[in-house]
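# A look at the structure
The lines below spell out each chain.
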Amino acid sequence: MKNKEPLILVVVVAFTLLTYWLVEPYAHSVMHKHVESQNFAYADLAPVTKTGDAANGKALVMGAGACTGCHAITKDGVAAGMDAVSAAQSYGVNPPDLSNAGAVYDAKFLAELIKNPAHALKVEHKFDAAKGQMHPMVPFFGAGGDMEQEVADMVAYLQSIAVKADELTPKMAFEEACGRCHSMKYENWTQLGTKPEFKFEKESLAYDIQVLEYQEALAKYMGKLPPDLSMYFRSRNEHFLSTFIENPQSQLAGTAMPRTGVTADAAHKVIEHMADAGDTKRAERESVGKMVMIYIVIFAIFALLWKKQVWRDLH
Amino acid sequence: MAHFTKATSVKDWLNQRLAVEKVEKVMASEYWIPKNINFLWAMGMILAITFALLLVSGIFLLMYYQPDVKDAFYSVNYTIMRDVDFGWLWRNIHGVAASVVFLIIYIHMFTGIYYGSYKKGREMIWISGMLLFVTFSAEAFSGYMLPWGQMSYWAGMVITNIFSLGGLHFDGLVEWIRGDYVPAQAFLTRFFMLHILLLPLAILGLIGLHFAALRIPHVNNQDGEEIDFEAESKKYLAGDKVGSKVMRFGNDFLSKDLMVVGIYLVFFFYLVFFNYGFALDPVNFDPADGLKTPAHIYPEWYFLWSYEILRPFSVNIGLMAFGFAQVIFMLLPWLDRSPNAVPASRRGAFKFWYWLLLIDMIVLTAMGKLPPEGVFSTIGLVAALGFIILWIALPFITMNEKKV
Amino acid sequence: MHNSSRRGFMGKAFGAVAGVGVVGSLVAMKKTWDPLPSVKAAGFTTLDMTIYPEGELITEKWRGKPIFVLKKTAAMIAKQTESQKARDVVVGDSHFMLAIGLCTHLGCIPSYNAAEESFLCACHGGMFNWAGEVTKVPPPRAFDIPPFKIEGTKLVLGEAGPEYTAMKDSGITL
């Protein structure tokens with residue numbers, strides 16, 4: 001009698017793989033538009049050609065640039081003008097502390113942001129100056145000298161005070177770049193920062209009310225409340241997150257989410273932090289997985305050897 | 001009352017009270033299995049093992065899961081996935097096993113169809129098997145509700161709406177099933193109950209029936225040969241193991257069962273650790289939102305073929321087609337009019353019917369997942385019609401089949 | 001007939017391999033039953049010891065259990081015996097009776113009678129004095145003292161400081 005088992009196995013495996021390919025890789029490639037990554041090159045933005053002078057930049061940021069009217073720079077002793085909730089109620093969102101902006105954001109992006117915020121952020125569909133829709137961040141129109149040079153100086157200043165790229169942790173990158181609009185409940189992060197431990201429920205609820213007030217202002221500004229990102233690493237895939245962070249419009253045309261302008265390194269760290277929140281045990285899964293696979297192969301080999309021994313008598 | 005003597009050993013003590021030796025004979029060493037079978041006959045054992053994996057992993061998930069619309073998502077994605085030691089492992093095993101169990105069920109079913117194992121006294125095996133398929137489907141669906149993500153909610157919405165039966169407008173029935181106007185707390189708690197108690201009880205009972213149905217007609221074999229189990233087993237017991245056409249279940253066939261299980265588990269655990277995405281849909285990692293339907297909504301892969309039979313038609317015809325697809329497999333032993341219980345390859349036109357049905361169901365599965373637009377809609381419609389036509393044609397194809 | 005020789009060597013070897021798998025999964029199962037990290041992390045409570053009024057029993061909560069905090073009055077401090085002094089928790093200038101507020105008999109919460117400066121357990125009638133010592137059986141020993149660490153005017157419950165370790169070593173608390 002001919003042994004048909006290899007043929008049967010081939011048929012079963014072939015149909016299984018065909019079905020898998022159709023419902024998984026193929027179906028998902030049809031359902032989701034593929035967006036190529038540009039590797040955070042921001043090719044639409046003009047490069048910063050001038051070499052900046054940080055000292056002059058500091059003078060501009062603190063003085064003629066009027067940045068500190070809205071932004072805190074705690075590293076250089078400039079505190080925020082108002083608390084986060086009032087700031088959100090005035091501007092829509094709490095303007096960021098610029099202490100580490102130089103490490104998180106791309107230099108080209110920062111330069112463009114200073115000159116033309118709506119363009120840098122890719123929110124011109126929301127803020128069209130011609131229609132009187134002004135972006136809450138006032139553009140810098142120059143302090144009288146060479147404007148390109150002045151902008152380069154300011155960027156150089158921001159880079160000079162920021163932490164070095166290798167000191168920027170995934171958590172910091174996330175909080176800087178995403179954390180004023182997005183909460184991350186599983187990491188205890190609210191738009192106001194990490195929620196402290198309160199002994200009394202009343203204090204905890206008071207904090208929650210502050211968060212709700214901030215969120216109310218934010219929702220009014222953005223059209224809807226930006227989602228909590230705790231599980232976004234699982235609900236979206238890594239490629240989607242990366243290209244979305246690079247340019248939200250590419251995946252979701254018309255979205256109110258601005259381009260964040262983060263560097264490739266910061267984007268990578270943001271995604272790592274999202275993985276820490278949504279796929280916390282991935283390292284354990286890898287290592288346990290390897291051990292189990294080794295064991296189960298040994299199990300299968302011993303099962304095979306036993307079968308061979310038992311069946312020796314049968315034919 | 002039976003007469004008991006002083007036991008000579010623990011085994012003897014148990015024997016007098018529980019007849020363990022007799023049980024062992026009936027269940028294993030003198031439960032005779034034909035030798036002429038291939039690894040497809042091990043699917044039953046694989047299903048038993050997979051069910052055991054579902055049960056064990058389910059027990060540990062149950063220890064931390066909270067059936068509350070406010071806490072369910074958190075208890076799954078935070079408590080179980082982050083806080084509980086090895087919680088992620090139980091969830092991955094549970095999710096992957098729930099998906100893979102259907103792959104094996106389909107292989108098991110199509111093996112039965114191919115070898116004609118639903119005929120000549122094996123009808124009850126087929127029927128109890130199909131009942132198991134239905135209860136496993138209900139079990140899978142109710143379990144899918146529990147993480148209370150977007151897919152849970154919207155699958156719950158859509159599937160329960162089927163019970164309004166289209167033009168009949170049984171809206172009261174839908175609300176009765178849900179216990180609310182929409183899937184909400186009452187819905188979640190009752191599906192939780194179904195998932196962890198009522199349906200598993202039904203499944204255990206049906207597994208018992210399925211095994212019992214196998215005792216009298218015995219397991220079929222690769223050639224549909226009628227074996228005299230009485231004579232062949234005597235031959236085996238007399239020492240002619242090689243010449244006998246049968247073997248013991250334990251340990252002869254069991255050793256092969258476990259060998260196949262071993263190979264299967266390599267595949268299974270690879271999926272659990274390294275490729276689980278197909279069984280844990282990304283969309284279900286967004287918490288349920290009753291005011292926003294996901295852009296793409298589709299059932300798990302094993303429901304796609306019947307979903308696609310529903311989809312291309314207008315609501316009433318679609319529901320009739322769907323109902324047809326749900327019951328038609330059950331009737332297979334009577335729709336197949338041929339007396340031949342042999343492999344499909346030796347049955348003329350039935351051979352083509354078999355492969356066409358298999359391919360048609362794979363096409364339906366693929367179209368069920370793809371967005372219902374353009375050419376996919378057309379292919380889906382053709383495949384759905386093809387499914388219905390194949391089953392209507394079955395009695396006519398098999399009626400005139402030559403006796404082999 | 002079925003005997004172990006027929007199962008043979010490979011059968012036993014396979015059984016052993018399968019057994020290893022079972023043991024391995026039992027380890028994972030055991031760990032799944034362990035208290036959650038979030039439960040363990042919540043096992044520390046910090047008390048500000050400056051807020052307690054003298055002579056009044058305040059019940060705090062630590063690891064789900066009631067914690068008795070009684071700031072001793074001058075009269076109490078004056079009449080402390082040696083054994084009572086050994087149980088005294090001193091934070092700054094203040095003296096405290098600090099204890100897990102469960103009867104050491106079977107775990108009910110005794111109630112404090114300020115007028116009589118004593119505790120009575122409603123379950124089986126056990127009594128304790130203001131310093132936490134047993135005055136009437138059945139309780140087998142004085143109130144247990146939770147692990148504590150003194151940090152300035154604050155007390156961290158759940159962490160064992162030198163004062164607590166000394167008490168434990170001398171057998172004042174379990």
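Residues numbered from 1 in each chain as written. Chains lettered and ligands numbered in written order. Predicted model: local features only at pLDDT ≥ 70, side-chain atom pairs only at ≥ 80, totals over all residues.

With that settled, consider the overall build of chain A. Helices and strands together make up the secondary structure of chain A, namely 14 helices and 2 strands. A compact globule built from 315 residues should have a C-alpha radius of gyration of about 20 Å, whereas chain A, at 27 Å, is more than 25% larger. Principal-axis analysis of the C-alpha atoms gives chain A an extent of 100 × 50 × 35 Å. Across the 315 residues that make up chain A, the buried fraction comes to 36%. Looking at chain A alone, contacts between residues at least 24 apart form 74% of all its contacts between residues at least 6 apart. (Helix = DSSP H or I, 4+ residues; strand = E, 2+ residues; numbered from the N terminus. Rg over C-alpha atoms; globule rule 2.2 N^0.38 Å. Buried ≥ 20, exposed ≤ 12 C-beta atoms within 10 Å, placed from the backbone. Contact = placed C-beta atoms within 7 Å.)

Here we come to the overall build of chain C. Of the regular secondary structure elements, chain C holds 5 helices and 11 strands. The C-alpha radius of gyration of chain C comes to 25 Å, more than 25% above the 16 Å expected for a compact globule of 174 residues. The principal-axis extent of the C-alpha atoms belonging to chain C is close to 85 × 35 × 25 Å. The contacts of chain C with a sequence gap of at least 6 include a subset with a gap of at least 24, amounting to 46%.

With that settled, the discussion passes to the nonpolar core. Counting 84 residues, the largest nonpolar core has A:Ala303, B:Ala97, B:Val101 and B:Leu265 as the members making the most contacts within it. Sorting elements by how many residues they give to this core places helix 11 (residues 249–274) of chain B first, with 13 residues. Look past the residues within four positions of B:Leu265 in its chain and what remains in contact with it is A:Ile296, A:Phe299 and A:Ala300. (Core = buried A, V, L, I, M, F, W, Y, C linked by C-beta atoms within 7 Å.)

Our next topic: the pairing of strand 5 (residues 94–100) of chain C. The two faces of a sheet get side chains in turn, since along a regular strand they alternate between them. Residues and elements named next belong to chain C. In terms of burial, strand 5 is largely enclosed, as 5 of its 7 residues are buried. As defined by bridge partners, strand 3 (residues 65–71) adjoins strand 5 across 5 bridges and the pair is classed as antiparallel. Bridge assignment links valine 69 to a residue of strand 5, and that residue is leucine 98. Direction of pairing for strand 4 (residues 89–91) relative to strand 5: antiparallel, over a ladder of 3 bridges. If you follow valine 89 over to strand 5, its bridge partner there is phenylalanine 96. (Pairing = 2+ DSSP bridges.)

Moving on, we get to the interface of chain C and chain B. The partner chain B presents 11 residues to the 11 residues of chain C that form the contact. Ranked by residues supplied to the side of chain C that touches chain B, first place goes to helix 1 (residues 4–33) of chain C with 6 residues. Tallied by class, the residues present in the side of chain C that touches chain B amount to 4 nonpolar, 4 polar and 3 charged. (Nonpolar A, V, L, I, M, F, W, Y, C, P; charged D, E, K, R; others polar.)

What follows covers the interface of chain B and chain A. Each partner contributes residues to the interface: chain B has 43 residues there, and chain A has 40 residues. Breaking the side of chain B that touches chain A down by element, the ones donating at least two residues are helix 4 (72–83), helix 5 (87–115), helix 11 and helix 15 (349–369) of chain B. Of the residues forming the side of chain B that touches chain A, the biggest block, 14 residues, is contributed by helix 11 of chain B. Along the lines of polarity and charge, the residues of the side of chain B that touches chain A split into 29 nonpolar, 7 polar and 7 charged.

Another aspect to go through is the domain arrangement of chain C. Looking at chain C, the domain boundaries give domain 1 (4–34) and domain 2 (40–169). On a C-alpha basis, the centres of domain 1 of chain C and domain 2 of chain C stand 50 Å from each other. (Domains from an automatic or database assignment.)

It is worth spelling out unusual backbone geometry at this point. For the bond running from B:Gly250 to B:Asn251, omega is 0°, close enough to zero to count as cis. Summarising the element assignment, B:Asn251 is placed in helix 11. Cis rather than trans, the peptide bond between C:Val137 and C:Pro138 has omega equal to 20°. Looking at the element boundaries, C:Pro138 is found in the loop between strand 9 (134–136) and strand 10 (148–151). Here the phi dihedral of B:Phe86 falls at roughly 65°; this positive angle occurs in a residue that is not glycine. Structurally, B:Phe86 is set in the loop between helix 4 and helix 5. Here B:His218, not a glycine, exhibits a phi torsion of approximately 65°, which is positive. Relative to the elements of secondary structure, B:His218 occurs in the loop between helix 9 (185–215) and helix 10 (229–237).

To continue, consider helix 1 (residues 5–31) of chain A. Between the first and last C-alpha of helix 1 of chain A there are 38 Å, a value that for 27 residues agrees with the 39 Å anticipated at 1.5 Å per step. The largest bend along helix 1 of chain A reaches roughly 35° and is located at A:Trp21, with the proline A:Pro25 sitting one to four residues downstream. Here helix 1 of chain A has its buried residues at A:Thr19, A:Leu22, A:Val23 and A:Ala27. Contacts from the buried residues of helix 1 of chain A go to helix 12 (304–310) and helix 15 of chain B. (Expected span 1.5 Å × (residues − 1). Bend = angle between axes of the 7 residues up to and from the residue.)

Right, let's talk about the sheet that holds strand 8 (residues 127–129) of chain C for a bit. Strand pairs in the sheet, formed through backbone hydrogen bonds, run parallel or antiparallel to each other. All names here are of chain C. If you walk across this open sheet you meet the 4 strands as 6-7-8-9, and the pairing is antiparallel. If you trace the sheet from one side to the other, it starts and ends with strand 6 (111–113) and strand 9, each paired once. Mean inter-strand twist for the sheet, computed between neighbouring axes without regard to direction, equals 35°. Note that strand 8 and strand 9 share 2 bridges and pair antiparallel. (Axes fitted to C-alpha atoms, helices over the stretch in contact; angles between N-to-C directions.)

So, on to the domain arrangement of chain A. If you check the domain split of chain A, you get domain 1 (54–280) and domain 2 (285–315). Look at where the C-alpha atoms of domain 1 of chain A and domain 2 of chain A centre, and you get two points 54 Å apart.

Here we come to the sheet that holds strand 5 of chain C. Residues and elements named next belong to chain C. Strand order in the open sheet made by the 4 strands is 2-3-5-4, with antiparallel pairing throughout. In the strand order of this sheet, the two ends are held by strand 2 (57–62) and strand 4, each with one partner. Looking at each pair of strands side by side, their axes are set apart by 35° on average, direction ignored.

All right, on to the pairing of strand 3 of chain C then. Residues and elements named next belong to chain C. The buried fraction of strand 3 amounts to 5 of the 7 residues, a majority that puts the element mostly inside the structure. Where strand 2 meets strand 3, 6 bridges bridge the pair, whose relative direction is antiparallel. Pairing of leucine 57 across the sheet is with leucine 70, part of strand 3. Linking strand 2 back to strand 3 in an antiparallel pair, the connection comprises 2 residues, with arginine 63 at a positive phi of about 50°.

Here we take up the packing of helix 15 of chain B against helix 16 (residues 374–399) of chain B. Residues and elements named next belong to chain B. One can describe the packing of helix 15 onto helix 16 by two numbers: an axis separation of 9 Å at closest approach and a directional angle of 155°. Taken together, helix 15 and helix 16 sit at an angle that is classed as roughly antiparallel. The handedness of the crossing between helix 15 and helix 16 comes out as left-handed. In this structure, helix 15 contributes Ala349, Phe350, Trp353, Leu356, Leu357, Asp360, Val363, Leu364 and Met367 to the contact, and helix 16 contributes Phe376, Ile379, Gly380, Ala383, Ala384, Gly386, Phe387, Leu390, Leu394, Ile397 and Thr398. Considered class by class, the residues forming the contact of helix 15 with helix 16 number 16 nonpolar, 3 polar and 1 charged. (Parallel < 35°, antiparallel > 145°, perpendicular 65-115°, else oblique. Left-handed = near helix turned anticlockwise from the far one by under 90°.)

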